[in-house]
Amino acid sequence: PFNFSAGPAMLPAEVMKQAQEEFLNWNDLGISVLEISHRDPAFIRLAEQAEQDLRDLMDIPDNYRVLFMHGGGRGQFSAVPQNIAGPNSTVDYLNCGIWSEFAIREAKKYVQHVNVVGAAVQTDQGKAIASADAWQLSENAAYFHYCPNETVDGIAVHEIPDVAAPLVADMSSNILSEPLDVSRFGVIYAGAQKNIGPSGFAIAIVRDDLLGHPQGNTSTIMDYTVQAKERSMYNTPNTFAWYLSALVFQWLKRQGGIAAMGQMNHAKAAKLYDFIDSSDFYSNPVNPNYRSIMNVPFLLADERLDGEFLQQAQHAGLLGLKGHRFVGGMRASIYNAMPMAGVDALVEFMREFERKA
Ligand code: PLP
């Protein structure tokens, strides 16, 4: 089966097989990686290698810390304001869609002035994000936050915003999907369960100069400065998630790294959008310049067929296609682990369903 779920999402089959084979006897220690202390030298080696592999893959400059955090993507919604802004600061948020809205709501708990600089707009060619010249930027924002890939809406901001404040990006659903200039950012964070590994785990990539000024009441496990100092082992980390993420990073390297992944992801997305655009039966609501290469929402012309579509898709081994409960319709998430064969199978199924409808 091919799993098009938005998250937790499909992991590479090769990684799942390796994890299964090593499950009871990791690193020839006779016990599972689940049972090893995070302070064991073998685990420390794994953790350090994982960080190095991520640094290699994303070409992360030396003046950034890579943190392996608890609490998934939403944990970072509060970690960012608590670590990067003071309670009386002003922060700017671009509202790109549903996940941006959740991030904004959370930031308001910790920072007095949360300024929403712009939002989604309707254009002749579909949904888009207000263009940069219309943003109402603050003068002294502690940071500028945006979500370059809105998982639910299927909207992407493909150009990195050019703003004076440190740039913070929620890359939960697009991290590692294509090449990226990390040096443009102050903080990049991502819940792990789409392109990396298990849920509940998160990566935060933080520029050194932004460390050292957490708000006084920041919980210690969410404190970037503490976690940087403790190499993300202030308390017991999620060792199994760390291990699986490490396997995914190695798998990505074997695939040719992020440049190769990006080419493949663009080709997968183009195939699906081209098919949707060529049909009167299916439609995508997003302006072509703002379409996500990871999450492709689509509607059937007659929504009464939604149930039948999902049932037949499931039967054909195409899982997780139901759209998010907030927006309905369908959504195909085509993260790194989804091979072209999965997209081919989906397009073929959609063509056949349309023909029979
Ligand atoms: N941000 C984005 C863009 C997401 O897609 C998600 C989850 O799907 C989250 C944040 C929240 O992540 P979590 O469920 O790990 O808290």
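What counts, and at which threshold
Residues numbered from 1 in each chain as written. Predicted model: local features only at pLDDT ≥ 70, side-chain atom pairs only at ≥ 80, totals over all residues. UniProt positions renumbered as here; feature names shortened; annotations may be inferred. Helix = DSSP H or I, 4+ residues; strand = E, 2+ residues; numbered from the N terminus. Buried ≥ 20, exposed ≤ 12 C-beta atoms within 10 Å, placed from the backbone. Near = placed C-beta within 6 Å. Nonpolar A, V, L, I, M, F, W, Y, C, P; charged D, E, K, R; others polar. Core = buried A, V, L, I, M, F, W, Y, C linked by C-beta atoms within 7 Å. Domains from an automatic or database assignment. Contact = placed C-beta atoms within 7 Å. Pairing = 2+ DSSP bridges. Axes fitted to C-alpha atoms, helices over the stretch in contact; angles between N-to-C directions. Parallel < 35°, antiparallel > 145°, perpendicular 65-115°, else oblique. Left-handed = near helix turned anticlockwise from the far one by under 90°.

Novice: Can you help me understand the UniProt feature "binding site: pyridoxal 5'-phosphate" (unreviewed entry) in the chain in this one?
Specialist: The feature "binding site: pyridoxal 5'-phosphate" (unreviewed entry), as given by UniProt, occupies Gly73, Arg74, Trp99, Thr151, Asp170, Gln193, Asn235 and Thr236 in the numbering adopted here. Across 164 residues in sequence, these annotated residues place their C-alpha atoms as far as 30.4 Å from one another, rather than forming a single compact spot. Note on placement: Arg74 falls in helix H3 (residues 72–84). As for its position among the elements, Trp99 is in helix H4 (residues 98–107). The buried category is assigned to Trp99, around which 22 C-beta atoms lie within 10 Å.

Novice: Sorry, what's going on with the site of the ligand here?
Specialist: Around the ligand, the neighbouring residues are Gly7, Gly72, Gly73, Arg74, Trp99, Cys147, Thr151, Asp170, Ser172, Ser173, Gly191 and Ser199. Per element, the largest residue contribution to the shell around the ligand is three residues, and it comes from H3. The residue makeup of the shell around the ligand, split by class, is two nonpolar, eight polar and two charged.

Novice: How do you make sense of the nonpolar core when you look at a structure like this?
Specialist: If you look at soluble globular proteins, the nonpolar side chains tend to sit buried side by side. Of all hydrophobic cores here, the largest spans 104 residues; its most connected members are Val91, Tyr143, Val187, Ile203, Ala204 and Ile334. With nine residues, helix H6 (residues 239–254) is the single largest residue contributor to this core. When residues are assigned to domains, this core turns out to be shared by domain 1 (22–254) and domain 2 (257–356), each giving three or more. The residues contacting Val187, other than those within four sequence positions of it, are Val80, Ile84, Val168, Ala204, Ile205, Val206 and Leu210.

Novice: Please clarify how the sheet that holds strand S7 (residues 144–146) should be interpreted in this entry.
Specialist: Across a sheet, strands are paired by hydrogen bonds formed along the backbone, either parallel or antiparallel in direction. The mixed open sheet is built from seven strands, whose spatial order is S2-S12-S11-S10-S7-S3-S4. Each end of this open sheet is capped by a strand with a single partner; those strands are strand S2 (64–70) and strand S4 (113–118). Neighbour to neighbour, the strand axes of the sheet diverge by 20° on average, direction disregarded. With three bridges joining them, strand S10 (residues 167–170) and strand S11 (residues 187–191) adopt parallel strand pairing. Looking at the pairing, Val168 lines up with Val187 of S11. Most of the contacts of H4 go to strand S3 (residues 90–94), to which it runs at about 165°, and overall it touches S3, S4, S7 and S10.

Novice: When you look at the pairing of strand S6 (residues 126–129) in this model, what are you seeing that I'm missing?
Specialist: Consecutive residues of a regular strand have side chains that alternate between opposite faces of the sheet. Where strand S5 (residues 120–123) and S6 come together, four bridges link them in antiparallel fashion. Bridging across to S6, Gln122 finds its partner in Lys127. Joining the antiparallel neighbours S5 and S6 is a turn of two residues.

Novice: Would you mind showing me how to read the packing of helix H2 (residues 41–58) against H6 here?
Specialist: The contact between H2 and H6 brings their axes to 9 Å, and the two run at 40°. Between H2 and H6, the angle is such that the two are oblique. For H2 against H6, the interelement crossing comes out left-handed. Contact residues: Phe43, Leu46, Ala47, Gln49, Ala50, Asp53, Leu54 and Leu57 in H2; Thr239, Trp242, Tyr243, Ser245, Ala246, Phe249, Gln250, Leu252 and Lys253 in H6. Partitioning the contact of H2 with H6 into residue classes produces eleven nonpolar, four polar and two charged.

Novice: Looking at this structure, how should I read the environment of Gly212?
Specialist: Residue position: Gly212 is located in the loop between strand S12 (201–207) and helix H5 (224–229). The class for Gly212 is exposed, based on 10 C-beta atoms found within 10 Å. For the pair Gly212 and Tyr224, spaced twelve residues apart in sequence, the C-alpha separation works out to 8.2 Å.

Novice: Hey, could you run me through the packing of helix H7 (residues 257–278) against helix H9 (residues 340–356) in this one?
Specialist: Packed helices, taken two at a time, are described by the angle their axes make and the gap between the axes. For the pair H7 and H9, the least separation of the axes is 10 Å and the interaxial angle reads 0°. With respect to H9, the axis of H7 lies roughly parallel. Across the interface between the two elements, Met264, Ala267, Lys268, Lys271, Leu272 and Phe275 of H7 pack against Met340, Val343, Leu346, Val347 and Met350 of H9. Residue composition of the contact of H7 with H9, by class: nine nonpolar, no polar and two charged.

Novice: Help me understand the pairing of S12 in this model?
Specialist: With six of seven residues buried, S12 lies mostly within the body of the structure. Here S2 runs beside S12; their pairing, made up of seven bridges, is antiparallel. When the bridges of S12 are listed, Val66 appears paired with Ile205. Where S11 lies against S12, five bridges are found, and the strand directions are antiparallel. Across the sheet, the residue bridging to Ile188 is Ile205, located in S12.

Novice: When you look at the domain arrangement of the chain in this model, what are you seeing that I'm missing?
Specialist: Much of the literature gives interface size as the accessible area that the parts lose upon coming together. Domain annotation for the chain reports domain 1 (22–254) and domain 2 (257–356). For domain 1 versus domain 2, the distance between C-alpha centres works out to 27 Å. At the interface, 25 residues of domain 1 touch 25 residues of domain 2. Looking at the side of domain 1 that touches domain 2, the elements with two or more residues in it are H2, S6, strand S9 (155–156) and H6. For the side of domain 1 that touches domain 2, the element with the highest residue contribution is S6, accounting for four residues. Within the side of domain 1 that touches domain 2, the residues separate by chemical class into eleven nonpolar, ten polar and four charged.

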